[in-house]
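Per-entry structural report
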Amino acid sequence: MKKLDEIVVGTKVKVEEIRKESRFKRRLMDMGIIPGVDISIMGKAPLGDPIEILVRGYKLTLRKNEAMDIMVK
C-alpha cells in the first residue's frame, strides 16, 4: 500500500484505509473517501500541494497532509 500523496498524476487507485490516528478521518469520510472507493489523480501543484482527485464523479482538492493519511492500492 502507498499513501495517496505518493501516486503520480493520471493513475487510478482504490482506497484501502484511512489511518486511524488521522485528525482528518471524519472529514475525509464525509467527502466520500471511504475504503473501497476508486480515486483518480487529476493533477498536482508544482510543489505537490494541493492534489486534485476525482472521487465518486466529482473533483476534490486535498492538501498534502490530508492525502498522506489515505492508504491506497
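Attention here is on the structure that accompanies the text. Here the structure is a predicted model, which is why all the values come from computation and not from measurement.

1. Section: the overall build of the protein
The secondary structure content of the protein amounts to 2 helices and 6 strands. Going from N to C terminus, the protein has its helices and strands arranged as β-β-α-β-β-β-α-β. In summary, the protein has a C-alpha radius of gyration of 11 Å against a globular reference of 11 Å for 73 residues, a match within 12%. Relative to its 73 residues, the protein shows a buried fraction of 40%. Considering only contacts within the protein whose residues lie at least 6 apart along the sequence, 56% involve residues at least 24 apart. Total accessible area on the protein stands at roughly 4500 Å², and carbon and sulfur atoms take up 51% of it. Averaging the positions of the 16 positive and the 11 negative side-chain charges in the protein gives two centres separated by 1 Å.

2. Quick look at the environment of Ala 45
The residue Ala 45 is located in the loop between β3 (38-44) and β4 (51-55) in this model. Taking relative accessible area as the criterion, Ala 45 reaches 24% and is therefore assigned partly exposed. Linking Ala 45 and Val 9, residues 36 residues apart in sequence, is a C-alpha distance of 10 Å.

3. Some words on the pairing of strand β5 (residues 58-62)
Across 5 bridges, β4 lies against β5 in antiparallel orientation. Within β5, the residue paired with Ile 51 across the bridge is Leu 62. Counting the residues in the hairpin turn of β4 and β5 gives 2 residues, including Arg 56, whose phi is positive at 55°.

4. Considering the nonpolar core
Among the nonpolar cores identified, the biggest contains 20 residues, and Leu 4, Leu 28, Ile 33, Ile 39, Ile 53, Leu 62 and Ile 70 are the most heavily contacted of them. Mapped by element, the contributors of at least two residues to this core are β2 (12-18), β3, β4, β5 and β6 (70-72).

5. Structural notes on unusual backbone geometry
With an omega of 10°, the peptide bond running from Asp 49 to Pro 50 counts as cis. The phi torsion at Arg 56 lies on the positive side, around 55°, for a residue other than glycine. With respect to the secondary-structure elements, Arg 56 resides in the loop between β4 and β5.

6. A few points about the pattern of salt bridges
Scanning all chains against the criterion turns up 5 salt bridges. In this structure, Glu 21 engages Arg 19 in a salt bridge whose closest nitrogen and oxygen atoms are separated by 3.5 Å. Judged by relative accessible area, which is 29%, Arg 19 ranks as partly exposed. Asp 30 is paired through a salt bridge with Arg 26; the nearest N and O atoms lie 3.6 Å apart. Of this pair, Asp 30 and Arg 26 both sit in helix α1 (residues 25-30), 4 residues apart, which is roughly one turn of the helix. Residue classification places Asp 30 among the exposed residues on the basis of a relative accessible area of 58%. By sharing partners, the salt bridges in this structure join Arg 19, Glu 21 and Asp 69 into a single network.

Thresholds, definitions, all that
Residues numbered from 1 in each chain as written. Predicted model: local features only at pLDDT ≥ 70, side-chain atom pairs only at ≥ 80, totals over all residues. Heavy atoms only, no water. Helix = DSSP H or I, 4+ residues; strand = E, 2+ residues; numbered from the N terminus. Rg over C-alpha atoms; globule rule 2.2 N^0.38 Å. Buried < 20%, exposed > 50% of the residue type's maximum accessible area, 1.4 Å probe, protein only. Contact = heavy atoms within 4.5 Å. Areas by Shrake-Rupley, 256 points an atom, 1.4 Å probe, with all protein chains shown as cover. Lys, Arg positive; Asp, Glu negative; His and termini not counted. Charge placed at Lys NZ, Arg CZ, Asp CG, Glu CD. Pairing = 2+ DSSP bridges. Core = buried A, V, L, I, M, F, W, Y, C linked by side-chain atoms within 4.5 Å. Salt bridge = Lys/Arg side-chain N within 4 Å of Asp/Glu carboxyl O.

So, to be careful, I would describe these as geometric facts and stop short of saying anything about function.
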